Amino acid sequence: MGAGHDHSHGPDARVSRMIIAAAILTAFFVLELVTALLINSIALLADAGHMLTDLVAMFMGLTAVLLARHGSASAARTYGWHRAEVFTAVANAVLLLGVAGFILFEAVERIGNAPEVPGVPMIVVALAGLIANAIVVLLLRSHSESSLAVKGAYMEVVADTVGSIGVLIAGIVTVTTSWPYADVVVAVLVALWVVPRAVALARA
């Protein structure tokens, strides 16, 4: 009985849940990116960029958990892993800032000449994003307290929910009012939302 309980909450369960979570996030990232390019939505593009950093955090966490499973074998490489972790965090921060900068540039370019972005696809993709995030949160929540690696990935996904909610609001506003700048405004808000997080990540 005890062994079974340990297995359900042990490293193997943690790894399998993180792999499933990574697969869900990857599928949604592809869906969001393709839809953003097809309908010319920078709000979706901003959220897709944020989702990409979630994936990096997820794979970082998965790598940390896999290394931890090797016990003493990985202990000898603790410093090397720490350096890799720091390097990846900085790279992730640069990626976030790059996405934010690109989105803000695109938003400025669209002032006075905002393209018509269909609201329905935005709503559908945003709802899909909220469902995907909810599933991933449920998968990781039970292990987030016992593993810093899992907690980091978990917090990234929770933070990304804000982007999906923003896109959903933009889609609803676009459908109900046909206001062409809903997409642009939400894109700017998502971009500004990730900047302080990127700076904090780089300093960590």
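Residues numbered from 1 in each chain as written. Predicted model: local features only at pLDDT ≥ 70, side-chain atom pairs only at ≥ 80, totals over all residues. Heavy atoms only, no water.

**Examining the overall build of the protein chain**
Per the secondary structure count, the protein chain includes 8 helices and 0 strands. Mapped from its N terminus to its C terminus, the protein chain presents α and β elements in the order α-α-α-α-α-α-α-α. For the protein chain, with 204 residues in total, the buried portion stands at 43%. For the protein chain, restricting intrachain contacts to residue pairs at least 6 apart in sequence, the fraction spanning at least 24 positions comes to 81%. Accessible surface, the protein chain as shown: approximately 10,400 Å² in total, 72% of it carbon and sulfur. (Helix = DSSP H or I, 4+ residues; strand = E, 2+ residues; numbered from the N terminus. Buried < 20%, exposed > 50% of the residue type's maximum accessible area, 1.4 Å probe, protein only. Contact = heavy atoms within 4.5 Å. Areas by Shrake-Rupley, 256 points an atom, 1.4 Å probe, with all protein chains shown as cover.)

**Examining empty space enclosed by the protein**
Scanning the entire structure with this criterion turns up 1 cavity of 30 Å³ or more. Of the pockets and cavities examined, the largest cavity occupies roughly 40 Å³. Of all the secondary structure elements, the ones that give two or more residues to the lining of the largest cavity are helix 3 (42-69), helix 5 (78-110) and helix 8 (182-203). When its residues are assigned to classes, the lining of the largest cavity shows 7 nonpolar, 2 polar and no charged. (1 Å grid on protein atoms, 1.4 Å probe; cavity = no way out; pocket = protein on both sides within 12 Å on 5 of 7 lines; lining within 4 Å. Points joined across faces, edges and corners; volume = space filled by probe spheres on them. Nonpolar A, V, L, I, M, F, W, Y, C, P; charged D, E, K, R; others polar.)

**Considering the side chain of D54**
Topologically, D54 is positioned in helix 3. Judged by relative accessible area, D54 falls into the buried class, the value being 0%. Other than its neighbours up to four places away in sequence, D54 contacts L25, E156, V157 and D160.

**What to know about the pattern of salt bridges**
A full pass over the atoms with the stated rule returns 1 salt bridge. In this structure, the salt-bridge partner of D183 is R110, at a minimum N-O distance of 3.7 Å. In this pair, D183 is assigned in helix 8 and R110 in helix 5, connecting sequence segments 73 residues apart. You can call D183 buried: its relative accessible area is 2%. For R110, a relative accessible area of 8% gives the class buried. (Salt bridge = Lys/Arg side-chain N within 4 Å of Asp/Glu carboxyl O.)

**Quick notes on the confidence of the model for the protein chain**
Low-pLDDT stretches of the model should not have their predicted coordinates read in fine detail. Averaged over every residue, the pLDDT of the protein chain is 82; the share at 70 or more is 84%. The model gives residues 1-8 a pLDDT under 50, and that stretch makes 4 contacts with residues more than four places away or in other chains. Confidence drops under a pLDDT of 50 for residues 72-76, and excluding neighbours within four residues, the segment shows 2 contacts in the predicted structure. (pLDDT = per-residue confidence, 0-100.)

**As for helix 6 (residues 119-144)**
For helix 6, with 26 residues, the first-to-last C-alpha span of 35 Å sits near the 38 Å given by 1.5 Å per residue. L138 marks where helix 6 bends most, by close to 30 degrees. (Expected span 1.5 Å × (residues − 1). Bend = angle between axes of the 7 residues up to and from the residue.)

**Regarding unusual backbone geometry**
A negative phi angle is the norm for most residues apart from glycine, just as the trans form is the norm for most peptide bonds. Its identity is not glycine, yet N40 carries a phi of approximately 65 degrees, on the positive side. Assignment of secondary structure puts N40 in the loop between helix 2 (11-39) and helix 3. In this model, S178 sits at a positive phi of 60 degrees, which is unusual for a non-glycine residue. Structurally, S178 can be placed in the loop between helix 7 (148-177) and helix 8.

**Description of the nonpolar core**
Ranked by internal contacts, the top residues of the largest apolar core, which has 50 residues, are M58, M122 and L140. Within the residue set of this core, elements represented by two or more residues are helix 2, helix 3, helix 5, helix 6, helix 7 and helix 8. Take this core: its biggest share by element is 11 residues, from helix 3. Contacts of M58, omitting those with residues within four sequence positions, involve M18, A21, A22, L25, V136, L140, A153 and V157. (Core = buried A, V, L, I, M, F, W, Y, C linked by side-chain atoms within 4.5 Å.)

**As for the environment of G171**
Of note, G171 is situated in helix 7. G171 sits in the buried class, given a relative accessible area of 0%. With 128 residues separating them along the chain, G171 and A43 place their C-alpha atoms 9.6 Å apart.

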